[in-house]
Amino acid sequence: VEYLLAGQQSEVARLQLQSRVWEPAGRHLLDQLSRELGDVPNRVAIDVGCGALGWLRILDRWVGPEGQVIGTDVDPQMLSLARAAAEQDGLRHVRVVEDDLFVTALPERSADLVHARFQLAPLGRAADQLATFVRLARPGGVVVVEDPDSASWHYTPDAPHTQQLVGLILAAFRTGGGDFDAGRHTARLMREHCLDPH
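The rules behind each value
Residues numbered from 1 in each chain as written. Predicted model: local features only at pLDDT ≥ 70, side-chain atom pairs only at ≥ 80, totals over all residues. Heavy atoms only, no water. Phe/Tyr/Trp six-rings, centres within 6.5 Å; stacked < 30°, edge-to-face > 60°. Helix = DSSP H or I, 4+ residues; strand = E, 2+ residues; numbered from the N terminus. Buried < 20%, exposed > 50% of the residue type's maximum accessible area, 1.4 Å probe, protein only. Pairing = 2+ DSSP bridges. Bend = angle between axes of the 7 residues up to and from the residue. Contact = heavy atoms within 4.5 Å. Arc of directions from axis to C-beta. Axes fitted to C-alpha atoms, helices over the stretch in contact; angles between N-to-C directions.

What the rule picks out here adds up to 4 aromatic pairs. Taking 6.0 Å as the distance between ring centres and 75° as the angle between the ring planes, the aromatic pair formed by F118 and F173 counts as edge-to-face. Of the two residues, F118 sits in the loop between strand 4 (111–117) and helix 4 (120–123) while F173 sits in helix 6 (residues 160–175), which places them 55 residues apart along the sequence. A residue is classified by how much of its surface remains accessible, and F173, at 22% relative accessible area, is partly exposed.

What follows concerns the pairing of strand 4. Along strand 4, 7 of the 7 residues are buried, which leaves the element largely enclosed by surrounding structure. Across 6 bridges, strand 4 lies against strand 5 (residues 137–146) in parallel orientation. Bridge assignment links V114 to a residue of strand 5, and that residue is V143.

The sharpest bend along helix 1 (residues 9–37) measures roughly 45° and falls at E23, with the proline P24 sitting one to four residues further on. When we look at burial in helix 1, the residues that qualify are E11, V12, L15, Q16, S19, E23, G26, L30 and L33. Elements that come into contact with the buried residues of helix 1 comprise helix 2 (56–62), helix 3 (76–88), strand 4 and strand 5. Downstream of helix 1 by one or two residues, G38 has phi in the positive range, about 80°.

A cis amide bond links T156 with the next residue in sequence, P157, at an omega value of 0°. With respect to the helices and strands, P157 occurs in the loop between strand 5 and helix 6. Despite not being glycine, N42 has its phi angle at roughly 55°, a positive value. Summarising the element assignment, N42 is placed in the loop between helix 1 and strand 1 (44–48). Owing to a relative accessible area of 43%, N42 belongs among the partly exposed residues under this scheme.

Turning to helix 7 (residues 182–192), its buried residues number three or more, namely A182, T186, L189 and M190. Down the axis of helix 7, the sector holding all buried residues measures 100°, keeping them to one side. Packing partners of the buried residues in helix 7 comprise helix 4, helix 5 (126–136) and strand 5.

Strand order in the open sheet formed by 5 strands is 3-2-1-4-5, with parallel pairing between adjacent strands. On the outer flanks of this sheet lie strand 3 (94–98) and strand 5, each paired with one strand and no other. Each neighbouring strand pair of the sheet contributes to a mean axis angle of 20°, computed without reference to strand direction. The pairing of strand 1 with strand 2 (residues 68–73) spans 4 bridges and is classified as parallel. Considered in strand 2, the bridge of V44 is made with Q68. Along the sheet, helix 3 contacts strand 2 and strand 3; its crossing angle with strand 3, the most-contacted strand, is approximately 170°. Sheet strands in contact with helix 5 are strand 1, strand 4 and strand 5, and its direction is about 140° off that of strand 5.

Take it as geometry only, folks, not as evidence of what the structure does.
Okay, structure coming up:
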């Protein structure tokens, strides 16, 4: 699947801004995970489909002084942007690699944490993707999946044009074989893969 907007500066700016906007929530989750996992030295984290930045900044801190963060993407242009952002921000533990999740070259059971944001919705292959996430995680490791659910879009008063736009977005994802509401089904799919969806 080709990322049609990958080369546009406005899309790069949007992706990097989105990453920074969501960092406080991600940091909070990682702090909770640290308490649950205990003091694990030299953590390894994989950010699947990191794009232009993803979770690289917050994972760099989370893995600890001798840890490692691997950011992956199938798009070399996105990886180049991620590499530049990591260098600019002085992220010492980050390495970005070109990797196709469906034929991944990453070692199985190698990560304490596997993160993926907005990876299930576009592709329509959620079961295959989650199975790979699980294979990449060590026993006792954590898989963090962030995907959308249009049920979270509320507006008052009634806005027929907004509802029409939502319908068009959902239809566009279906036409391409994806499911914009993948977030709605993630807990069930995780249970099917013997993961605790909390």
